[in-house]
Amino acid sequence: MGNLLKVLTCTELEQGPNFFLDFENAQPTEGERDVWNQVNSVLQDSESILTALQAYKGAGQEIRDAIQNPSDLMLQEQAWNSVCPLVIKLKQFYSFSLRLEEALKSLLQCLTCAPFTPTQHLEKEQALAKQFAEILHFTLRFDELKMRIPAIQNDFSYYRRTISRNRINNMNLDIESEVNNEMANRMSLFYAEATPMLKTLSTATTNFVTENKTLPLENTTDCLSTMASVCKVMLETPDYSSRFNSEDTVLFCMRVMVGVIILYDHVHPNGAFNKSSKIDMKGCIKVLKDQPADKVEGLLNALKFTTKHLNDESTPKNIRTMLH
């Protein structure tokens, strides 16, 4: 990211906090270090997960050949042997989502707990805030890639259809030690989602609120709305955005902003689009629309298709119009 330290002032946002949030250089304090190390052990594997997903080619041709020639056992075996390593890879992606879920819960616990307010937490524990942003950045990148790879669901569907027949034919079933039926069921639900990582984080955030009944809901929603406000102002203020070292910084902020909006929408009873929302949705959407269309299409789709309250009657019509 660029070397920006962004300050929000109360004149810029009616409810905006007044502090620097350093997405690039924040280093953990002693008080943050234990959680930072735990989350970092997850985040350090994120790039290799994205690289593996980007390289995913699928077994489309082998599957087509096998389906078109059902009596050719050699083609059946070729297809099966092509799909099995891919299913192992898909299990790795799914397993990473579970690790990411635990990392998110650890960060939420730190950034929302008493005696500090969420805004004070984000100001004082910037290394953890940066990791929170990095989780959201990864999540949106993963889901954007996944949506462009239909082979994932095709391969996994073929695997599920074929495994029972293979059991009967005594073909290679070593994979069942890696992906048993229960795991396959959970993976199937995961990959059926258009944005599986975002769904995982949304569910994790909702569960975090449900499980921590003594924690005021506002602690979590204020943490999310503050992050959205930080990113929006960074993006919409030329004096700040012009200092970014690369376009990657702009995309980073947009992904984080969209990610926290979606989490807020799933956790807050009234959602992110209601007039009472602490997120300036009109401003956030405008920030996205001001960017080149090819860079924000996936993010706008995420807001349209993975939020919970967009189509509520309480959502202003102009907000829905802006997104369609």
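Residues numbered from 1 in each chain as written. Predicted model: local features only at pLDDT ≥ 70, side-chain atom pairs only at ≥ 80, totals over all residues. Heavy atoms only, no water.

What to know about helix α13 (residues 281-289)
By the burial criterion, the buried members of α13 are M281, G283, C284, I285, V287 and L288. In this fold, the buried residues of α13 make contact with α10 (217-236), α12 (247-267), α14 (293-306) and α15 (317-323). (Buried < 20%, exposed > 50% of the residue type's maximum accessible area, 1.4 Å probe, protein only. Helix = DSSP H or I, 4+ residues; strand = E, 2+ residues; numbered from the N terminus. Contact = heavy atoms within 4.5 Å.)

A closer look at the environment of V35
Inspection of the secondary structure assignment puts V35 in helix α1 (residues 30-43). The spatial distance from the C-alpha of V35 to the C-alpha of C110 is 8.2 Å, given a sequence separation of 75 residues. If sequence neighbours within four positions are ignored, V35 has contacts with S106, L107, C110, L128 and Q131.

Concerning α1
Helix length check: α1 (14 residues) gives 19 Å between terminal C-alpha atoms against 20 Å at 1.5 Å per residue, within 8%. Of all the bends found along α1, the most pronounced is centred on W36 and spans about 35°. Of the positions making up α1, those classed as buried are E32, V35, V39, V42 and L43. Buried residues belonging to α1 abut α2 (46-54), α4 (73-112), α5 (118-124) and α6 (126-147). (Expected span 1.5 Å × (residues − 1). Bend = angle between axes of the 7 residues up to and from the residue.)

A word on the side chain of T306
Mapping T306 onto the fold places it in helix α14. Of the residues examined, T306 reaches a relative accessible area of 15% and is grouped as buried. Looking at T306, its side chain comes within polar contact range of the main-chain oxygen of A302, at 2.4 Å. (Polar contact = N/O pair within 3.5 Å; in protein donor to acceptor, adjacent residues only side chain to side chain.)

Points about unusual backbone geometry
The peptide bond linking A114 to P115 adopts the cis configuration, its omega dihedral lying at 5°. Along the chain, P115 falls in the loop between α4 and α5.

Digging into the environment of R148
Take R148: it is sitting in the loop between α6 and α7 (151-169). Here the alpha-carbon distance between R148 and Q54, two residues 94 residues apart in the chain, equals 9.6 Å.

Digging into the packing of α4 against helix α9 (residues 196-211)
In the contact formed by α4 and α9, the axes pass within 9 Å of each other and the chain directions differ by 40°. Overall, the two elements α4 and α9 adopt an arrangement that is oblique. Handedness of the crossing formed by α4 with α9: right-handed. Residues F93, F96, S97, L100, E101, L104, K105, L108, Q109 and T112 of α4 pack against M197, T200, L201, A204, T205, F208 and E211 of α9. In terms of residue class, the contact of α4 with α9 is built from 9 nonpolar, 5 polar and 3 charged. (Axes fitted to C-alpha atoms, helices over the stretch in contact; angles between N-to-C directions. Parallel < 35°, antiparallel > 145°, perpendicular 65-115°, else oblique. Left-handed = near helix turned anticlockwise from the far one by under 90°. Nonpolar A, V, L, I, M, F, W, Y, C, P; charged D, E, K, R; others polar.)

Quick look at the packing of aromatic side chains
How two aromatic rings sit relative to each other is given by the distance of their centres and the angle of their planes. For the coordinates displayed, the defined rule picks out 8 aromatic pairs. Taken together, a centroid distance of 5.2 Å and an interplanar angle of 70° make the contact between F96 and F138 edge-to-face. Taken as a pair, F96 in helix α4 and F138 in helix α6 lie far apart in primary sequence, 42 residues in all. Judged on exposure class, the residue F96 and its partner F138 are both buried. (Phe/Tyr/Trp six-rings, centres within 6.5 Å; stacked < 30°, edge-to-face > 60°.)

Brief notes about the side chain of T205
Within the secondary structure layout, T205 lies in helix α9. Within the structure, the side chain of T205 is placed 2.8 Å from the backbone oxygen of L201, a separation counted as a polar contact.

Overview of the domain arrangement of the protein
Assigned domains within the protein: domain 1 (28-193) and domain 2 (216-323). One C-alpha centre belongs to domain 1, the other to domain 2; they are set 25 Å apart. Across the boundary between the two partners, domain 1 contributes 14 residues, which contact 17 residues of domain 2. For the pair domain 1 and domain 2, the two sides together bury roughly 1,500 Å², of which 78% comes from carbon and sulfur. For domain 1, the biggest contributors to the area lost against domain 2 are L136, H137 and L140; these three give 31% of the whole. (Domains from an automatic or database assignment. Buried area = accessible area lost by both parts, 1.4 Å probe.)

Considering the pattern of salt bridges
Under the criterion given, the structure shown has 12 salt bridges. Close ionic contact of E101 with K105 constitutes a salt bridge, the shortest N to O distance being 3.9 Å. A residue pair is termed a helical-turn pair when its members lie 3 or 4 positions apart in one helix, as E101 and K105 do in helix α4 at 4 residues. In this structure, D280 and K232 form a salt bridge, with 3.5 Å as the shortest nitrogen-oxygen distance. Of this pair, D280 sits in the loop between α12 and α13 while K232 sits in helix α10, and the two are 48 residues apart along the sequence. When its relative accessible area of 4% is taken as the criterion, K232 is described as buried. (Salt bridge = Lys/Arg side-chain N within 4 Å of Asp/Glu carboxyl O.)

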